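Coordinates in review
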Amino acid sequence: MSVPSVAVIDIGSNSIKLLVARRSPDGQLEAVATNTVDARIGTGISGNLPRLMATAMDGAIRAIADLLEKAAPHQPASRVLVATSAVRDAANGDDFAKRVESDFGLALRVLSGAEEAAYIGQGIGTDPALARFADFDLYDLGGGSLECLRFRNRQPVRFCSLPLGCVRLTELFIREPGLPMNHDDDRAIRRHVAEVLVREGWPQLESHTATVVGTGGSLTTVRAIAAAAGSHSFSETDPVITVKHLEEALAKIGSLPIEERRRLPGLPPRRADVMPAALATLVALAKEVGFDAYRHSLHNLRWGIAAELLTQ
């Protein structure tokens, strides 16, 4: 008798991701298949009345169809589609949700910021590499938003969802995304991140040595670049990414025009324009909250939803 699996498709601002997961014999959540399509639906999300562009929605529909096809051979017992910041903030987000249901016969669940943060927290709980940590901060940087969670005894005691995603900040502050990053743009992003954190009242860590977990595509990309540079696999890279390493990556990547960034091994070409803003945001966050490294995990939103589905 085969072990049942579930498929979760996460429609983010910058990419659309698939996780097919099941329970292992010892009860752990394990990935059967994963896939990512760089289909940016979040273009234009920084405006006062953001709308999803028709071309972006078309690309997202094609990506969903591709990922559902990749999930099909695993015969998942449940297929769940969720969307985050770009769709929930868009004036025409409901139109996109209706199109998804019409095309695929599946409801699109548009998560609130609180729901998104909660599922990310549940996802972190499935990562065996983090089992020994009881008290930690968790930061998930996406294209549209930054999710911030504080855990005590492995329970979230505080969370917030902030409009600090890398697509959003690139649109707001990077005047010439195709050119090397301007120092003024870098400073503007860092200043904005600090101001938003202060306005939200997000507290500093009690100690700079406290554990901080980081998730999201930007930190994954930092590890992928390190793997390519060292000619080894992603799993062989150190999951602890220091702020110093991020500053060095920003200095290197930010100094390149976009066509040279797109040729960097490990850096997805369609992420090349937003990577400088993402790195500046991660550095500014660390300096404002008071820590010097992120412990990277791949277990975030999709893992939390899969864990819930497999518990039902």
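Here we take up the packing of aromatic side chains. In this structure the tally under the stated criterion is 4 aromatic pairs. Judged by centre distance (6.2 Å) and plane angle (75 degrees), the ring pair of Tyr139 and Trp202 falls under edge-to-face. Residue Tyr139 is located in strand 6 (residues 136-141), and its partner Trp202 is located in the loop between helix 6 (183-200) and strand 9 (212-215); the two are separated by 63 residues in the primary sequence. Relative to Tyr294, the ring of Phe291 has its centre 4.9 Å away and its plane inclined at 90 degrees; by these criteria the two rings are edge-to-face. Both residues of the pair, Phe291 and Tyr294, count as buried. Through pairs of rings, three or more aromatic residues link up here, namely Tyr139, Trp202, Phe291 and Tyr294.

Attention now goes to the nonpolar core. In summary, soluble globular proteins display a tendency toward joint burial of nonpolar side chains. Ranked by size, the top nonpolar core spans 78 residues in total, and within it Ile11, Ile41, Phe96, Tyr139, Leu246, Phe291 and Tyr294 carry the most contacts. Counting residues per element, this core draws most heavily on helix 10 (residues 275-289), which supplies 11 residues. Beyond its immediate sequence surroundings of up to four residues, Ile11 is in contact with Ile16, Ile41, Ile64, Val82, Ala83, Thr84, Phe96 and Leu108. Among the nonpolar cores identified, the runner-up in size contains 25 residues, and Val82, Tyr119, Phe133 and Leu149 belong to it.

The next point concerns the environment of Arg109. Locating Arg109 in the fold gives a position in strand 5 (residues 108-110). Distance in space between the C-alpha atoms of Arg109 and Ile9 is 10 Å, their sequence separation being 100 residues. With residues near it in sequence (within four places) discarded, Arg109 still touches Leu81, Val82, Ala83, Glu115, Tyr119 and Glu308. Within the local environment of Arg109, its side chain forms a polar contact with the side chain of Tyr119, the two groups lying 2.9 Å apart.

It is worth spelling out unusual backbone geometry at this point. Despite not being glycine, Arg154 shows a phi value in the positive range, around 65 degrees. Positioned with a positive phi, Ser231 is a non-glycine residue whose angle comes to about 55 degrees. When you line up the elements, Ser231 lands in the loop between helix 7 (217-230) and strand 10 (240-242).

Let us look at the pairing of strand 8 (residues 155-162). With 7 bridges joining them, strand 7 (residues 146-152) and strand 8 adopt antiparallel strand pairing. The residue bridging Cys148 from the neighbouring strand is Cys160, located in strand 8. Connecting strand 7 to the antiparallel partner strand 8 that follows it, the hairpin turn spans 2 residues, and Asn153 within it adopts a positive phi of roughly 55 degrees.

Interhelical geometry of helix 7 versus helix 10 gives an angle of 105 degrees and a closest axis separation of 10 Å. Comparing the axis directions of helix 7 and helix 10 gives the class roughly perpendicular. Here Ser218, Leu219, Thr221 and Val222 of helix 7 lie close against helix 10, whose contacting residues are Met275, Ala278, Leu279 and Leu282. Each residue belonging to the contact of helix 7 with helix 10 can be placed in one class, and the counts come to 6 nonpolar, 2 polar and no charged.

What follows covers the sheet that holds strand 5. The strands that make up a sheet pair up through hydrogen bonds in the backbone, lying either parallel or antiparallel. If you trace the 5 strands from one edge of the open sheet to the other, you get 3-2-1-4-5, paired in mixed fashion. Of all strands in the sheet, those bounded by a partner on one side alone are strand 3 (29-37) and strand 5. Pairwise comparison of adjacent strand axes, ignoring direction, gives a mean angle of 20 degrees for this sheet.

About the criteria used
Every chain's residues receive numbers from 1 upward, in the order its sequence appears when written. Reporting in this predicted model follows two pLDDT cut-offs: at least 70 for local features of residues, and 80 or more for side-chain atom pairs to be given and counted; totals over whole chains, interfaces and linings ignore these cut-offs and use all residues. Excluding hydrogens and water, the side-chain figures rest on all heavy atoms present in the structure. Here the aromatic set is Phe, Tyr and Trp, taking the six-membered ring for Trp, and pairing holds for ring centres within 6.5 Å; pairs whose planes are under 30 degrees apart are stacked, those over 60 apart are edge-to-face, and all others are tilted. A run of H or I in DSSP becomes a helix once it reaches four residues, and a run of E becomes a strand once it reaches two; helices and strands are each numbered from the N terminus. Relative accessibility decides the category of a residue: with a 1.4 Å probe and only protein chains considered, values under 20% of the type maximum give buried, values over 50% give exposed, and everything between is partly exposed. In this description, a nonpolar core means a group of buried Ala, Val, Leu, Ile, Met, Phe, Trp, Tyr and Cys residues linked to one another through side-chain atoms lying within 4.5 Å. Contact between two residues is taken to exist if any of their heavy atoms lie within 4.5 Å; hydrogens are not considered. What qualifies as a polar contact is a pair of N or O atoms within 3.5 Å, subject to a donor-acceptor requirement within protein and to the restriction that residues adjacent in sequence count only when both atoms come from side chains. Two strands qualify as a pair provided that DSSP identifies no fewer than 2 bridges between them. The axes are straight lines fitted to the C-alpha atoms, using for helices just the contacting stretch, and the angles between their N-to-C directions are given from 0 to 180°. Any angle that is under 35 degrees is reported as roughly parallel, and any over 145 degrees as roughly antiparallel; angles of 65 to 115 degrees are reported as roughly perpendicular and all others as oblique. Under the convention adopted here, Pro, Cys and the residues Ala, Val, Leu, Ile, Met, Phe, Trp and Tyr are nonpolar, Asp, Glu, Lys and Arg are charged, and Gly plus all remaining residues are polar.

Function-wise, these values are silent; they only describe arrangement.
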